[in-house]
Amino acid sequence: MSEKIKLEAYIAQPPTSKCREVLAVMEEIVRRYPDQVRLVVFARGMPWPEEPSPALKYAFHKGSTVPMCYADGRFIVGGRPPTLDEVERAVEAALRTKGSN
Amino acid sequence: MSLEWRLLRDGITDAHHHFAVEEALVRLVDEGHSPPTLRLRQVRRAVFVGVYQDTWSEVDVDYCRQHGIKIVRRLNGGGAVYHDLGSFCTSAFFPRTVFPHSDEELYRLFAEPVIRTCADYGVAARFAGRNDVLVGQRKIHGAAQIAWYSAFVQSGTFLVNMDLAAMERALTPPALKFADKPARSIQERVTSLAREVGRELDVAEVQARLVDHLAQLLGIEFAPDELTAQERALADELLAVKYSSDEWNLGARQSAGVTVSTRTPGGMVLLSADVDGGAIRAARIRGDLLLSDGTALERLERDLAGCRLTDAPAVVRAAPLPADLQEALVALLAEVADNA
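Just so it is clear, the structure is predicted and the values come from calculations on it, not from any experiment. (Residues numbered from 1 in each chain as written. Chains lettered and ligands numbered in written order. Predicted model: local features only at pLDDT ≥ 70, side-chain atom pairs only at ≥ 80, totals over all residues.)

1. A look at the sheet that holds strand 4 (residues 70-73) of chain B
All names here are of chain B. Strands sit in the order 4-3-5 across an open sheet of three strands; the sheet is mixed. With partners counted over all chains shown, the strands left at the sheet margins are strand 4 and strand 5 (81-83), one partner each. Each neighbouring strand pair of the sheet contributes to a mean axis angle of 25°, computed without reference to strand direction. By the bridge criterion, three bridges tie strand 3 (residues 46-49) to strand 5 in an arrangement that is antiparallel. (Pairing = 2+ DSSP bridges. Helix = DSSP H or I, 4+ residues; strand = E, 2+ residues; numbered from the N terminus. Axes fitted to C-alpha atoms, helices over the stretch in contact; angles between N-to-C directions.)

2. Quick notes on the packing of helix 1 (residues 15-30) of chain B against helix 9 (residues 229-243) of chain B
Residues and elements named next belong to chain B. Between helix 1 and helix 9, whose axes approach to 8 Å, the crossing angle comes to 125°. In terms of orientation, helix 1 and helix 9 fall into the oblique class. When you trace helix 1 past helix 9, the crossing you get is right-handed. For the pair helix 1 and helix 9, contact is made by His-16, His-17, Phe-19, Ala-20, Val-21, Glu-23, Ala-24, Leu-25, Arg-27 and Leu-28 and by Gln-230, Glu-231, Leu-234, Ala-235, Leu-238, Leu-239 and Tyr-243, respectively. Class assignment of the residues belonging to the contact of helix 1 with helix 9 gives a composition of eleven nonpolar, three polar and three charged. (Parallel < 35°, antiparallel > 145°, perpendicular 65-115°, else oblique. Left-handed = near helix turned anticlockwise from the far one by under 90°. Contact = placed C-beta atoms within 7 Å. Nonpolar A, V, L, I, M, F, W, Y, C, P; charged D, E, K, R; others polar.)

3. A word on the environment of Val37(A)
Position of Val37(A) relative to the elements: it lies in strand 2 (residues 37-43). Between the alpha carbons of Val37(A) and Ile5(A) there is a distance of 4.6 Å; along the sequence they are 32 residues apart.

4. Here's the deal with the interface of chain A and chain B
Taken together, the contact pairs 18 residues of chain A with 22 residues of chain B. Elements with a minimum of two residues in the side of chain A that touches chain B: helix 2 (54-62) and strand 3 (65-66) of chain A. Considering each element in turn, the side of chain A that touches chain B owes the most residues, four residues, to helix 2 of chain A. Here two bridges tie strand 3 of chain A to strand 9 (residues 138-148) of chain B, and the two strands are oriented parallel to one another. Each residue of the ladder has a partner; that of Val66(A), found in strand 9 of chain B, is Trp148(B).

5. Brief notes about unusual backbone geometry
All names here are of chain A. In this model, Gln-13 is joined to Pro-14 through a cis peptide bond whose omega is -5°. Of note, the amide linkage connecting Val-66 to Pro-67 takes the cis form, showing an omega dihedral of -5°. The residue Pro-67 is located in the loop between strand 3 and strand 4 (68-71) in this model. Positioned with a positive phi, Asp-72 is a non-glycine residue whose angle comes to about 55°.

In structure tokens form, the structure reads like this:
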């Protein structure tokens, strides 16, 4: 089994109702892609549960946008909750990239 | 363009409560429950730490506790700053769609009223870098932004009668931060309007001038008003669960006993190590590093735990890190060994 695609969600702490929308979308993707995707949630200002992807880490230092969503280290959407379609497309693209490697 | 905004002077000077109100406002502007607002704010002696800063390495926590200086982690990024009633901050809360400008343009837009206010006192200030207003080479006003879903916050700190010596004492920035800058101390890098004018100034008068310039330049009519009941309730909740907690404001205290740092071409590196009997009990590596293998440092920290100091250089050189970072860490380990 190859390494799972990492989804990263950056949300407020405590979460707002829109943050919960972000998480609902991301969790639905994890359900749709069992064994292929995992989700890591970063809460603003709180210790990281694990090292963020370089792109997300760069975004932490550069800007100040809530929320931000990444798949496999690539930016999906920021400043609003993503749609299921947007995240799914990003995951499919990441899976294709992994498959071709 | 003529807009009507609330002008808020809530008078909340406790640093923790103060930031709970900031967060309540951005949340409620996003949800459409609060109007666009300019908040003029002041706090009693406090240090504001950036949202991702390590409080323990940026602030002299013990000194602040002994002298009644509160420490609060703010919502936006940037460096640690000292505040007292001699300075004031502004926060403009608005739906992002109100201004068509880019984020960079907003920094310039909101800096111009500051520059004009300085000019009112005969002080020539200029916009510099990404978000600063300088007098000569010294910073007199700093700014930060937060994009929070549909809402946006443009904040600024205006140093008026700031006690620069107190600021110097409360903050303990790593000396290396100034290594490539011409001015090394905080007092050499920042100034206040009072210092430039040569006399104490009335903060309320400076605020009034700034608000007039903001109104004129941004085409905004400001109507004084108070916090709503909903804003107060949310602020109280955020104060209880977040802003009054050490977990938020201080984060976890480093267990490591020695912290050393150096500069590499990739940025500053800090190594904290807890050494006992010639062996590393725990290690923590931080810095401004952007590595392609984001987990390499975590793995190295784990590998170093339990390792003898004499064996540690070989462990570092075996880690999948750039050669210059490896050598920097080996040098830092030697420094730790010297201090152990």
